[in-house]
Amino acid sequence: MSELQVKIEPGWKEALADQFRMPYFQELKAFLIEEKRKYDIFPPGNQIFSAFNHTPISDVKVVIIGQDPYHGPGQANGLCFSVSDGIKPPPSLVNIFKELNTDLGIPVPIHGNLEKWANQGVFLLNATLTVRQGQPASHNGHGWEQFTDAVIQTLSLQCNGLVFLLWGRFAQAKESLIDTSKHHILKAAHPSPFSVTGFFGCRHFSKANALLISGGKTPVDWNINKT
């Protein structure tokens, strides 16, 4: 897994250089090498850092935090909540699209690839960046959370006026890593079918754009239907 350090956008590589040198990250790499030897791991190695490669730190405007990648074949593409082209959108993503439709009138997309959001500065970060096939949360507790907590702290420190969308208790627990005097936080329930009644009606997409505009930033075009 030496590619873990080279397949990441240069600005992020510089910002996180200290993390890559720390013992926990070396242990994480060793763990992933062994996992890849025994199991199918998602997403593919060249997509582990997709969120970083699509959204350089200098471009980040909005941050959405997920837990760990989808664990079914072909689903995970390195962006939280997103799935690869040709894969049916999972229930949580469908609910996100339903809220988007209610909020901004955007038709529910027929695909679930959120690269268009990422390319506009929406940083789609999972707390754990890899998973074993068919075993959700199987890579939790091996160092990824320390790394992604450092990512959130780096964003908080180096950027200004970001909008953090914290959906569900897991994401909301990351609020302590964010300087709320510099950044905006919008909270709602997780879009999972188990909690979606507290997600519907949050209008986070229009609210995020209003906050971006008030800070002199370009709003996000949330419509992924358009080419």
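Look up: the structure comes first, before these words.
My aim in this report is to walk through the structure given alongside it, one point at a time. (Residues numbered from 1 in each chain as written. Predicted model: local features only at pLDDT ≥ 70, side-chain atom pairs only at ≥ 80, totals over all residues. Heavy atoms only, no water.)

Strand order in the open sheet formed by four strands is 3-2-5-6, with parallel pairing between adjacent strands. Only two strands of the sheet have a single partner each, and these edge strands are strand 3 (122-126) and strand 6 (184-188). Direction aside, the axes of adjacent strands within the sheet are offset by 20° on average. As judged from the five bridges shared by strand 5 (residues 163-167) and strand 6, these two strands associate in the parallel manner. In the strand pairing of strand 6, Leu166 is matched with Lys187. (Pairing = 2+ DSSP bridges. Helix = DSSP H or I, 4+ residues; strand = E, 2+ residues; numbered from the N terminus. Axes fitted to C-alpha atoms, helices over the stretch in contact; angles between N-to-C directions.)

Going through the model one piece at a time under the given rule, you end up with 20 aromatic pairs. Taking the centre distance of 6.2 Å and the plane angle of 85° together, the rings of Tyr24 and Phe25 count as edge-to-face. Accessibility assignment for this pair places Tyr24 and Phe25 in one class, buried. Clustering of aromatic rings is evident, with ring pairs tying together Trp12, Phe20, Tyr24, Phe25, Phe49, Phe52, Phe123, Trp144 and Phe147. (Phe/Tyr/Trp six-rings, centres within 6.5 Å; stacked < 30°, edge-to-face > 60°. Buried < 20%, exposed > 50% of the residue type's maximum accessible area, 1.4 Å probe, protein only.)

What follows is about the nonpolar core. Within soluble globular proteins, side chains that are nonpolar tend to cluster in buried spots. Judged by nonpolar contacts, the single largest core of 64 residues is most densely connected at Phe52, Trp117 and Phe147. Setting aside residues no more than four positions away along its own chain, Trp117 makes contact with Ile64, Ile96, Leu100, Val122, Leu124, Phe205, Asp221, Trp222 and Ile224. (Core = buried A, V, L, I, M, F, W, Y, C linked by side-chain atoms within 4.5 Å. Contact = heavy atoms within 4.5 Å.)

As enumerated under the stated definition, the model contains eight salt bridges in all. Between Asp18 and Arg21 there is a salt bridge, with its nearest N and O atoms 2.7 Å apart. Of this pair, Asp18 and Arg21 both sit in helix 3 (residues 17-21), three residues apart, roughly one helical turn. Asp149 serves as the salt-bridge partner of Lys174, at 2.8 Å between the closest nitrogen and oxygen. (Salt bridge = Lys/Arg side-chain N within 4 Å of Asp/Glu carboxyl O.)

The subject of this paragraph is the layout of surface pockets. Its volume calculated, the largest pocket comes out at about 410 Å³. Taken together, 20 residues make up the lining of the largest pocket; nearest its centre are Gln67, Asp68, Tyr70, Ser92 and His190. Residues that form the lining of the largest pocket fall into these classes: 10 nonpolar, eight polar and two charged. (1 Å grid on protein atoms, 1.4 Å probe; cavity = no way out; pocket = protein on both sides within 12 Å on 5 of 7 lines; lining within 4 Å. Points joined across faces, edges and corners; volume = space filled by probe spheres on them. Nonpolar A, V, L, I, M, F, W, Y, C, P; charged D, E, K, R; others polar.)

Another aspect to go through is empty space enclosed by the protein. Taken as a whole, this structure holds two cavities of 30 Å³ or more when the rule is applied. For the largest cavity, the calculated volume is near 40 Å³. As for the largest cavity, its lining consists of Ile48, Ala51, Pro69, Gly78, Leu124, Leu125, Asn126, Thr128 and Leu129. Here the element with the most residues in the lining of the largest cavity is strand 3; it accounts for three residues. A class-by-class count of the residues in the lining of the largest cavity yields six nonpolar, three polar and no charged. Considered as a void within the structure, the second largest cavity measures approximately 30 Å³ in volume. Lining the second largest cavity are Pro69, Tyr70, Ala76, Asn77, Gly78, Leu79, Ser82 and Asn126.

Right, let's get into helix 4 (residues 23-38). End to end, helix 4 covers 23 Å across 16 residues, agreeing with the expected 22 Å (1.5 Å per residue, within 8%). Among all positions in helix 4, only Tyr24, Phe25, Leu28, Lys29, Phe31, Leu32 and Glu35 are buried. Seen end-on, helix 4 carries its buried residues on one side only, within an arc spanning 165°. The outward face of helix 4, more than 90 degrees from its buried face, is lined by the exposed residues Pro23, Glu27, Arg37 and Lys38. (Expected span 1.5 Å × (residues − 1). Arc of directions from axis to C-beta.)

A few words on the environment of Ser50. Within the fold, Ser50 resides in helix 5 (residues 50-54). Spatially, the C-alpha atoms of Ser50 and Glu115 are 9.1 Å apart, while their sequence positions differ by 65 residues. With sequence-adjacent residues up to four places away left out, Ser50 is seen in contact with Asn77, Gly78 and Leu79. In this structure the side chain of Ser50 is engaged in a polar contact, spanning 3.1 Å, whose partner is the backbone oxygen of Asn77. (Polar contact = N/O pair within 3.5 Å; in protein donor to acceptor, adjacent residues only side chain to side chain.)

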